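The lines below spell out each chain.
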Amino acid sequence: ANNVESGIPGLQREIHDTVWNLEHLERYGVCSELLRGIILMGAGYLVFGCVYKNQALGATGIDMVPHLGFWMQYPDLVRDGAKYAQILAADAFGGRSDPFAGDGGFAGP
């Protein structure tokens, strides 16, 4: 439970524990521990990325967020992926393959 407070060796234990949790999802309480590990790794990514960008690059404010451009585009990327999955599913199951048809756009021949 004190892995993160122990520095680098503690972070290594945290990563090891998270991988073990992925391999043993059928055991009681493992999914909760897995979620905790993923949240801690995400928080570490954010904190260390912000510190690095501030110290090494002199970034301040929102510019300190690591890979800011990606995270700003992420909702649109997910939306595009969902539309693409819908097209693939429609093609596979014989449905309407164009989710944009009927939106007033050119549907083609």
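Our structure's up above, just so we're on the same page.
The rules behind these values
- What you see as residue numbers is a count from 1 along each chain, following the sequence as written.
- The predicted nature of this model means local features are confined to residues of pLDDT at least 70 and side-chain atom pairs, given and counted, to a pLDDT of 80 or more, with totals for whole chains, interfaces and linings taken over all residues.
- Side-chain metrics rest on all non-hydrogen atoms present in the structure, leaving aside hydrogens and water.
- Secondary structure counts use DSSP, requiring at least four H or I residues in a row for a helix and at least two E residues in a row for a strand, with both numbered from the N terminus.
- Contact definition: two residues touch when any of their heavy atoms are within 4.5 Å.
- Only the protein chains shown count as cover for residues, with accessible areas throughout obtained via the Shrake-Rupley method and a probe of 1.4 Å.
- Each patch is assembled from residues with relative accessible area greater than 30% and no salt bridge, linking like charges that lie within 9 Å and nonpolar side chains (Val, Leu, Ile, Met, Phe, Trp, Tyr) that lie within 5 Å.
- Definition used for salt bridges: Asp or Glu carboxyl oxygen within 4 Å of a side-chain nitrogen of Lys or Arg.
- Accessibility here uses a 1.4 Å probe with only protein chains present; expressed as a share of the type maximum, an area under 20% marks a residue as buried, one over 50% as exposed, and anything in between as partly exposed.
- Comment: axis = line fitted to C-alpha atoms, over the contacting stretch for helices; angle = value between 0 and 180 degrees taken between N-to-C directions.
- The scheme is simple: roughly parallel for angles under 35 degrees, roughly antiparallel for over 145, roughly perpendicular for 65 to 115, oblique for anything else.
- For a crossing to be left-handed, the near helix must be turned anticlockwise from the far one by less than a right angle; the clockwise case is right-handed.
- Residue polarity is assigned by list, with Asp, Glu, Lys and Arg as charged and Ala, Val, Leu, Ile, Met, Phe, Trp, Tyr, Cys and Pro as nonpolar; anything else, Gly included, falls into the polar class.
- Take the residue count of a helix, subtract one, and multiply by 1.5 Å to get its expected span.
- One axis is fitted to the seven residues ending at the residue and one to the seven starting there. The bend at that residue is the angle between these axes.

Undergrad: Can you lay out the overall build of the chain for me, pointing to particular residues and giving the numbers?
TA: A count of helices and strands for the chain gives three helices and zero strands. What you see in the chain, going N to C, is helices and strands ordered as α-α-α. Across the chain, the fraction of contacts at a sequence separation of at least 24, relative to all contacts at a separation of at least 6, is 10%. Carbon and sulfur atoms make up 64% of the accessible area of the chain, which amounts to about 8,500 Å² in all.

Undergrad: Break down a nonpolar patch on the surface for me, citing the residues and quoting the values.
TA: Judged by side-chain polarity, Y45, L46, F70, W71, Y74, L77 and V78 come together as a nonpolar surface patch covering roughly 640 Å² of accessible area. For the nonpolar patch, the secondary structure elements donating two or more residues are α2 (30–57) and α3 (68–93). Sort the elements by how many residues they give to the nonpolar patch and α3 lands first, with five residues. When you line up the elements, W71 lands in helix α3. The exposure class of W71 is partly exposed, given its relative accessible area of 40%.

Undergrad: So what's going on with the pattern of salt bridges? Residues and values would help.
TA: Side-chain pairs of opposite charge can arise whenever the charged atoms involved come near each other. If you walk through the whole model with that rule in mind, you get three salt bridges. Between E14 and R36 there is a salt bridge, and its shortest N-O distance comes to 3.6 Å. You can see E14 sitting in helix α1 (residues 8–23) and its partner R36 sitting in helix α2, a full 22 residues away along the chain. When its relative accessible area of 6% is taken as the criterion, E14 is described as buried. Its relative accessible area of 30% is what places R36 among the partly exposed residues. It is possible to trace a salt-bridge network through shared partners that takes in E14, E33 and R36.

Undergrad: Before we move on, could you go through the packing of α1 against α2 and cite the residues and values that matter?
TA: In the contact formed by α1 and α2, the axes pass within 9 Å of each other and the chain directions differ by 140 degrees. If you check the angle between α1 and α2, you find them oblique. Every pair of crossing elements has a handedness; the one defined by α1 and α2 is left-handed. Residues E14, I15, T18, W20, N21 and L22 of α1 lie in contact with α2, whose contacting residues are V30, E33, L34, R36, G37, L40 and M41. Among the residues forming the contact of α1 with α2, the class breakdown is seven nonpolar, three polar and three charged.

Undergrad: Can you break down α3 residue by residue, with the values?
TA: In this model α3 runs 38 Å from its N-terminal to its C-terminal C-alpha over 26 residues, within 8% of the 38 Å that 1.5 Å per residue would give. For α3, the principal kink sits at Y74 and spans about 45 degrees; a proline, P75, occurs within the next four residues. Just downstream of α3 lies G94, where phi reads positive at about 80 degrees.

Undergrad: Lay out α2 in plain terms, naming residues and giving numbers.
TA: Taking 1.5 Å of rise per residue, the 28 residues of α2 would be expected to cover 40 Å, and the 39 Å separating its terminal C-alpha atoms lies within 8% of that figure. Taken together, the buried positions of α2 are occupied by V30, L34, G37, G44, G49, C50 and K53. Just past α2, the residue G58 takes up positive phi, approximately 75 degrees.

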